[in-house]
Amino acid sequence: KDIFLTTKSPELDREIDYFFSGIKSALDQLGQILGHILNEKIDGWHKSVENGKELSGIKIVRKLKSLKPQEEYRGQRYQNLIDHIETNLEPLTYLVKLRDMPHHRGGMKNISDIMFDSETKQVQPQVIYHSKNEGELVFGFMKRTMVSFNLFVNNFVILAYMLKAPKDMAIQRRDNPVGY
């Protein structure tokens, strides 16, 4: 009666690893795209320490701050992109940390095994534990992450191209202008 059957699913674990690797690759590509737009050497989206915290993408923020022009309209465009990245630094750092776990830390220990409940005769799906007492279904986390990451990437690309756009140009999405 008190027997719990659990298993690791190598295929599912591999798919989760591919998911996070895809996000990290996309971040590296965003860094390279920004490098081409700015005609600067930015070879990826890397971690660095800022105020005692390791943050993924902080090097790009530092680069943007060092290049921020004096012209008010162009300086504001740089600030818009800086703000967008800084707002997302911690969630992006968390995703990169999850991506690094299988490669550098011996696996993703914060994702539960698949479990068969012998009383209900149902398989319990995997849960990802963000902290000791906070978990959510892996499927829900991945779906939510894709929506959020898609918005981040779209806004990043628009804001990056606005850095070099003429003064009076704005890119409009629906009714909300992204640049001025």
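(A) The nonpolar core, seen in detail. One finds L27, L34, L64, L81, I85, F152 and F156 to be the most contacted residues of the largest nonpolar core, which totals 38 residues. Of all elements in the fold, only α1 (10-38), α2 (58-67), α3 (72-104) and α4 (138-162) reach the threshold of two or more residues within this core. The leading source of residues in this core is α3, at ten residues.

(B) Region of the structure containing the side chain of T145. Within the secondary structure, T145 sits in helix α4. Its relative accessible area of 5% is what places T145 among the buried residues. Setting aside residues up to four positions removed in sequence, T145 forms contacts with F19, I23 and L95.

(C) The arrangement of the pairing of strand β7 (residues 134-137) in detail. Summarising the sheet, strand β6 (residues 127-131) and β7 pair through four bridges and their orientation is antiparallel. The residue bridging V127 from the neighbouring strand is L137, located in β7. Connecting β6 to the antiparallel partner β7 that follows it, the hairpin turn spans two residues.

(D) Highlighting α2. Burial in α2 covers these residues: I58, I60, V61 and L64. Angularly, the buried residues of α2 cover 155° about the axis, an arc narrow enough to put them on a single face.

(E) Structural detail: the pattern of salt bridges. Following the criterion strictly, the structure yields ten salt bridges and no others. In this structure, K63 engages E40 in a salt bridge whose closest nitrogen and oxygen atoms are separated by 3.3 Å. In this pair, K63 is assigned in helix α2 and E40 in the loop between α1 and β2 (47-50), connecting sequence segments 23 residues apart. Owing to a relative accessible area of 25%, K63 belongs among the partly exposed residues under this scheme. Judged by its relative accessible area of 30%, E40 falls in the partly exposed class. In the salt-bridge network here, residues are joined through shared partners; they are K47, R99 and D100.

(F) How the structure looks around the packing of aromatic side chains. Per the stated rule, a full pass over the model turns up seven aromatic pairs. A ring pair is formed by F19 and F20, whose centres lie 5.2 Å apart and whose planes are at 70°; its orientation type is edge-to-face. A single burial state applies to F19 and to F20, both of which are buried. Every member of this aromatic cluster is reached through a ring pair, and the members are F19, F20, Y94 and F141.

(G) Highlighting the environment of A160. Relative to the elements of secondary structure, A160 occurs in helix α4. Residue class for A160 comes out buried when judged on its relative accessible area of 0%. A sequence separation of 125 residues divides A160 from G35, and the C-alpha atoms of the two residues are 9.8 Å apart. A160 has contacts with L34, I37 and L81, leaving out every residue within four places of it along the chain.

About the cut-offs
Residues numbered from 1 in each chain as written. Predicted model: local features only at pLDDT ≥ 70, side-chain atom pairs only at ≥ 80, totals over all residues. Heavy atoms only, no water. Core = buried A, V, L, I, M, F, W, Y, C linked by side-chain atoms within 4.5 Å. Buried < 20%, exposed > 50% of the residue type's maximum accessible area, 1.4 Å probe, protein only. Helix = DSSP H or I, 4+ residues; strand = E, 2+ residues; numbered from the N terminus. Contact = heavy atoms within 4.5 Å. Pairing = 2+ DSSP bridges. Arc of directions from axis to C-beta. Salt bridge = Lys/Arg side-chain N within 4 Å of Asp/Glu carboxyl O. Phe/Tyr/Trp six-rings, centres within 6.5 Å; stacked < 30°, edge-to-face > 60°.

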